[in-house]
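Secondary and tertiary structure notes
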Amino acid sequence: MATMQSLIGLVNKIQRACTVLGDHGGEGFSLWEALPSVAVVGGQSSGKSSVLESIVGRDFLPRGSGIVTRRPLVLQLHKTEGGQEYAEFLHAPKKRFTDFAAVRREIEDETDRITGKSKKISNVPIHLSIYSPNVVNLTLIDLPGMTKVAVEGQPESIVQDIDNMVRSYVEKPSCIILAISPANQDIATSDAIKLAREVDPTGIVKHFLEATSFFCFPVLLLERPVWVQVHVAGCIYFLGERTFGVLTKLDLMDKGTNALDVLEGRSYRLQHPWVGIVNRSQADINKNVDMISARQKEREYFETSPDYAHLSSKMGSEFLAKLLSKHLETVIRQKIPSIISMINKAIDEINAELDRIGRPIGADGGAQLYTILEMCRAFDRVFREHLDGGRPGGDRIYGVFDHQLPAALKKLPLDRHLSTHNVRKVVSEADGYQPHLIAPEQGIRRLIDGSLVYFKGPAEATVDAVHLVLKELVRKSIVETRELKRFPSLQNDLATAANDSLEKFREDSRKTVLRLVEMESSYLTVEFFRKLQMEPEKGGGPGGNANPTGPNADRYTDNHLRRIGSNVSAYVGMVCDTLRNTIPKAVVYCQVREAKRALLNNFYVQVGKREKEQLSQMLDEDPALMSKRETLAKRLELYKSARDEIDSVAWK
């Protein structure tokens, strides 16, 4: 079984870690809010600071009028087996304070560091650890004293600000409320008890044989709950399962009066016993009476008091400290299973979120280069999936081959080029001053060359269309690569490198398809023309080659020219069918295949030559995303550390 010291020390460690990593409670899951704690609440001048100093046995808290406590003070007490008393602050871990007057000054200075010299408050806690043989293991949170009106120098919202801060602590189910009330004021007007009634109304019912007891229940008055006590027979309803009532200034009550009705639970009964405290008087403070002497004087007061002697064993600051320490240990033991469950759930959620937005990158150049290459491979996988059909987009390339290229070939102006008029013109120009003897071979070659030139346009258009599809797929692949989302600079570098490669592939593809066209022009398929059977021209003389007569007769008959045009058109059609098949092959080989095989090859070479600073620039992230990851990483570190701390303690 875990000792009280180890359990309370465990919570102390986790609380300090929470503060270091910025977990002060608030939005979302907060480990700070899940940890059991003792919050000290009370109105200004209720004796709250004196109670804390009595528990510690040292005079160390700032004093003065108005709001003195302007930041929560997490006071962690550690019992030692002797030696010198000393104090340490979390914000100054290497500095040990043995002068408790210096502790007071450090609290004031650290408060001013956050809030300034104004009277404003802050929810960022100050952590103070005190090591002494005169304390019990206990953690207390001193909160600003509640007030009803703002005084000079305080913002108008100070009353509500303090109320909100105090409630943020005491409303937690794991918070133990130490409600400080002065005995020389009506308990019904106590700020601490009023707050406890609102945030800790639950209790237990105990049955008795006596005929008379009382019952407390809330009624709504002016839209605020007011607690009413009614005597009933056979049971007593104990209010406030989380509240410990402390009555201060018993020695300052009017003569002939006492606080037994409160201390014995008749005027306001709590589940836990009331504890009376006698603080140092102002005269003792002025005389620098030490707290150890004040404790002795307090014991003597209760032991010799005719009103409180029968309660003396359960009164005083020493009894209060032991009572709170024991109860805090019990609550911690009860809450640990639920805390572990909350921590495990939070770790799973943070890990899932870090996986979504990306894990932190190593600081050394090797880790950065590895990260860049991994993300490049992830992008390359997505890009390949688009081309291979795993993702949409690659089918658009087939659409270029199956629709766009054939449509462009059909629109070529071959009919105009092979019209009778143009055939006559081309053949005549090719013959020159000497008409052809058998067949106009030079004219036919010129007609074929002129026709094949038109194919260069659709061929280049096909290259450009596939290039645009590939560029769009690069853009979509970068967007769809989850790992790249956090690195806008790397996205730009990848897009630039990929597009540069695509430009090179396009140029190679353009040269290749133009060569295909030029190859058809450079060597004609002779067998095609040898198989043609030239029919005799109608209206001609014997042999079909008789020259026309008459002054207006052309050099060639129209039938002969039409036959030439028809033969050339048939040959060009055969070439068109060939190019319709070979152009897609060339485009795929030079552009699509190379994009799949070597899109980032040049980028890999360039990245491998870069220095660490250049790699860091490539991995420059969105500042908001970096801040979010840093926050998540800190919380993950906190929760894992807390889980390890809990596992190291045998708390069951």
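Residues numbered from 1 in each chain as written. Predicted model: local features only at pLDDT ≥ 70, side-chain atom pairs only at ≥ 80, totals over all residues. Heavy atoms only, no water.

Remarks on the overall build of the chain
Put simply, the test is: Each helix is a run of H or I in the DSSP string that is no shorter than four residues. Each strand is a run of E no shorter than two, and both are numbered from the N terminus. Throughout, exposure labels follow a simple rule: accessible area from a 1.4 Å probe, protein chains only, divided by the maximum for the residue type, with under 20% read as buried, over 50% as exposed, and the rest as partly exposed. Whether two residues touch is decided by their heavy atoms; if any such pair falls within 4.5 Å, the residues are in contact. The protein chains shown are the only cover counted for residues, whose accessible areas, like all others here, come from Shrake-Rupley with a 1.4 Å probe.
Secondary structure assignment for the chain yields 22 helices and 13 strands. Each of the 652 residues in the chain was classed as buried or not, and the buried ones make up 46%. Contacts in the chain between residues at least 24 apart in sequence constitute 79% of all its contacts with a sequence separation of at least 6. For the chain, the exposed surface amounts to about 33000 Å²; the carbon and sulfur share of it is 52%.

Quick look at the packing of helix α3 (residues 48-56) against helix α10 (residues 317-357)
Quick note on the threshold: Between the N-to-C directions of two axes lies an angle of 0 to 180 degrees, each axis being a line fitted to C-alpha atoms and, for a helix, fitted only over the stretch in contact. By the definition adopted for this analysis, an angle is roughly parallel if under 35 degrees, roughly antiparallel if over 145, roughly perpendicular if from 65 to 115, and oblique otherwise. Side-chain classes are defined by residue name, with Ala, Val, Leu, Ile, Met, Phe, Trp, Tyr, Cys and Pro counting as nonpolar, Asp, Glu, Lys and Arg as charged, and the others, Gly among them, as polar.
Contact geometry of α3 with α10 gives a least axis separation of 8 Å together with a crossing angle of 80°. The angle between α3 and α10 falls in the class roughly perpendicular. Where α3 approaches α10, its residues Val-51, Ser-54 and Ile-55 are matched on the opposing element by Ser-317, Leu-320 and Ala-321. Looking at the contact of α3 with α10 residue by residue, the classes come out as four nonpolar, two polar and no charged.

Comments concerning empty space enclosed by the protein
In plain terms, the rule: Using a grid of 1 Å spacing that covers the protein atoms alone, one calls a set of points a cavity when a 1.4 Å probe fits there but cannot get out, and a pocket when the set is open and has protein on both sides within 12 Å along at least five of seven lines; lining residues are those with an atom within 4 Å of a point. Grid points are joined across faces, edges and corners, and a volume is the space filled by probe spheres set on the points.
Applying the stated rule across the entire model yields three cavities of 30 Å³ or more. Taken as a whole, the largest cavity holds about 40 Å³ of empty space. The wall of the largest cavity is formed by Leu-10, Val-11, Ile-14, Leu-35, Pro-36, Ile-332, Ile-336, Ile-339 and Ile-646. When contributions to the lining of the largest cavity are tallied by element, the ones reaching two or more residues are α1 (4-20) and α10. A breakdown of the residues in the lining of the largest cavity according to their chemical character gives nine nonpolar, no polar and no charged.

Concerning helix α15 (residues 441-453)
Quick reminder of the rule: Helix span, as expected, comes to 1.5 Å for every residue beyond the first. Here the arc refers to the set of directions running from the helix axis out to each C-beta atom.
The end-to-end C-alpha distance of α15, which contains 13 residues, comes to 18 Å, matching closely the 18 Å that a straight helix rising 1.5 Å per residue would cover. For α15, the complete set of buried residues consists of Gly-443, Ile-444, Leu-447, Ile-448, Ser-451 and Leu-452. All buried residues of α15 lie within an arc of 165° about the axis, which places them on one face of the element. Considering only its buried residues, α15 is in contact with α13 (414-417), α14 (420-431), α16 (456-480), α17 (488-522), α18 (526-530) and α19 (558-598).

Some remarks on the pairing of strand β3 (residues 86-89)
The side chains of a regular strand alternate, residue by residue, between the two faces of the sheet. Our working rule: Between any two strands, pairing holds if DSSP finds at least two bridges.
As defined by bridge partners, β3 adjoins strand β5 (residues 126-132) across four bridges and the pair is classed as antiparallel. Residue pairing across strands places Glu-88 opposite Ser-129, the latter belonging to β5. In this sheet, strand β4 (residues 92-97) lies alongside β3 in antiparallel orientation, the contact comprising three bridges. Bridge pairing in β4 links Ala-87 to Phe-97. Between the end of β3 and the start of β4, which pair antiparallel, lie two residues.

Quick word on the sheet that holds strand β1 (residues 37-42)
One open sheet accounts for nine strands, arranged β4-β3-β5-β2-β6-β1-β7-β12-β13; its pairing is mixed. Single-partner strands in this sheet number two, and they are β4 and β13 (275-276). Taken together, the five bridges between strand β2 (residues 73-79) and strand β6 (residues 138-142) define a ladder with antiparallel strand orientation. The partner of Val-74 across the bridge, within β6, is Ile-141. Sitting on the sheet, helix α5 (residues 158-170) is in contact with β1, β6 and β7 (175-182), with an inclination near 150° to β1.

Focus: the pattern of salt bridges
Put simply, the rule is: Here, a salt bridge means any Lys or Arg side-chain nitrogen found within 4 Å of an Asp or Glu carboxyl oxygen.
Within this structure, the stated rule accounts for 39 salt bridges. For Glu-518, the salt bridge goes to Lys-456, with nearest N and O atoms at 3.6 Å. Placement of Glu-518 in helix α17 and of Lys-456 in helix α16 is noted, with a sequence separation of 62 residues between them. Note that Glu-503 and Arg-506 form a salt bridge whose closest N and O atoms lie 2.9 Å from each other. Linking Glu-503 with Arg-506, this pair stays in helix α17, spanning three residues, or about one helical turn.

Focus on the packing of helix α11 (residues 365-388) against α16
Here is the rule: Helix crossings are classified by the rotation of the near helix relative to the far one: an anticlockwise turn of less than a right angle makes the crossing left-handed, while a clockwise turn makes it right-handed.
Running from amino to carboxyl end, α11 crosses α16 at an angle of 130°, the nearest separation of the two axes being 9 Å. Relative to α16, α11 is oriented oblique. Considering only the axes of α11 and α16, their crossing is right-handed. Here Phe-379, Val-382, Phe-383, His-386 and Leu-387 of α11 lie close against α16, whose contacting residues are Leu-470, Leu-473, Val-474, Lys-476, Ser-477, Ile-478 and Glu-480. Of the residues in the contact of α11 with α16, the class split is eight nonpolar, two polar and two charged.

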